[in-house]
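# Tertiary structure, described
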Amino acid sequence: VQLQASGGGSVQAGGSLRLSCAASGGPLSSYTMVWFRQAPGAERQFVAAVRWSTGSHYYADSVKGRFTISRDLAKNTLYLQMNSLKPEDTGVYYCAASANVLSSIRVSSAYIYWGQGTEVTVSS
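First, a word on scope: everything that follows refers to the structure included in this document. (Residues numbered from 1 in each chain as written. Predicted model: local features only at pLDDT ≥ 70, side-chain atom pairs only at ≥ 80, totals over all residues. Heavy atoms only, no water.)

## Some thoughts on the pairing of strand β4 (residues 31-38)
Sheet faces and side chains relate simply in a regular strand, where the side chains alternate between the two faces. Along β4, seven of the eight residues are buried, which leaves the element largely enclosed by surrounding structure. With eight bridges joining them, β4 and strand β9 (residues 91-99) adopt antiparallel strand pairing. When the sheet's bridge partners are listed, Gln-38 is paired in β9 with Val-92. One ladder, built from six bridges, connects β4 with strand β5 (residues 45-51); its direction is antiparallel. Looking at β5, one finds that Arg-37 is bridged to Gln-45. (Buried < 20%, exposed > 50% of the residue type's maximum accessible area, 1.4 Å probe, protein only. Helix = DSSP H or I, 4+ residues; strand = E, 2+ residues; numbered from the N terminus. Pairing = 2+ DSSP bridges.)

As structure tokens, this is what we get:
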């Protein structure tokens, strides 16, 4: 599976961005797809995840109510709609995917396939 992330940019606090992650190379029905982010000097942090087949979704507490994860089955594309952005949302956002992820859905080491990252900068 290959993942291509896009959609990052620079916005002011309170603004919005939509990230995309195009997947190719395999059926995704058993996959969980996820967004992580990494701020400079910090560890990679779970943001949101979705079970590809059911659409069940999971969010970090820090983004609940502001971010929405979704997927387009026909386009094999994952999205992250980010609203009410804050400076602390700044970082490189990575999409990732793996099959049969169960309880470790928020753990980066559970994911095998990673996109290249797209940078988000939120200024105050």
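## Some details on the state of the cysteines
Enumeration over the complete set of coordinates arrives at one disulfide. The disulfide partner of Cys-21 is Cys-95, and the gap between their sulfur atoms is 2.1 Å. The disulfide joining Cys-21 to Cys-95 has a torsion of about 70 degrees about its S-S bond and is therefore right-handed. Of this pair, Cys-21 sits in strand β3 (residues 17-24) while Cys-95 is found in strand β9, placing the two residues 74 residues apart along the sequence. (Disulfide = S-S within 2.5 Å.)

## Observations regarding the side chain of Arg-66
Relative to the helices and strands, Arg-66 is located in the loop between β6 (57-59) and β7 (67-72). With relative accessibility at 12%, the residue Arg-66 sits in the buried group. Within the local environment of Arg-66, its side chain forms a polar contact with the backbone oxygen of Ser-62, the two atoms lying 2.9 Å apart. The contacts of Arg-66, once residues within four sequence positions are left out, are Gln-81, Met-82, Asn-83, Ser-84, Leu-85, Lys-86 and Asp-89. (Polar contact = N/O pair within 3.5 Å; in protein donor to acceptor, adjacent residues only side chain to side chain. Contact = heavy atoms within 4.5 Å.)

## A word on unusual backbone geometry
Its identity is not glycine, yet Ser-84 carries a phi of approximately 50 degrees, on the positive side. Relative accessible area serves as the criterion here: at 41%, Ser-84 is assigned to the partly exposed category. Of note in this structure, Asn-100 is not a glycine but carries a positive phi near 55 degrees. The residue Asn-100 is located in the loop between β9 and β10 (113-114) in this model.

## Regarding the pattern of salt bridges
The full count for this structure, using the stated rule, is three salt bridges. When the shortest N-O distance is used, the salt bridge between Asp-89 and Arg-37 registers 2.8 Å. Placement of the pair is Asp-89 in the loop between β8 (77-82) and β9 and Arg-37 in strand β4, with a sequence separation of 52 residues. Both residues of the pair, Asp-89 and Arg-37, belong to the buried class. A salt bridge links Arg-66 to Asp-89, with the nearest nitrogen and oxygen atoms 2.7 Å apart. (Salt bridge = Lys/Arg side-chain N within 4 Å of Asp/Glu carboxyl O.)

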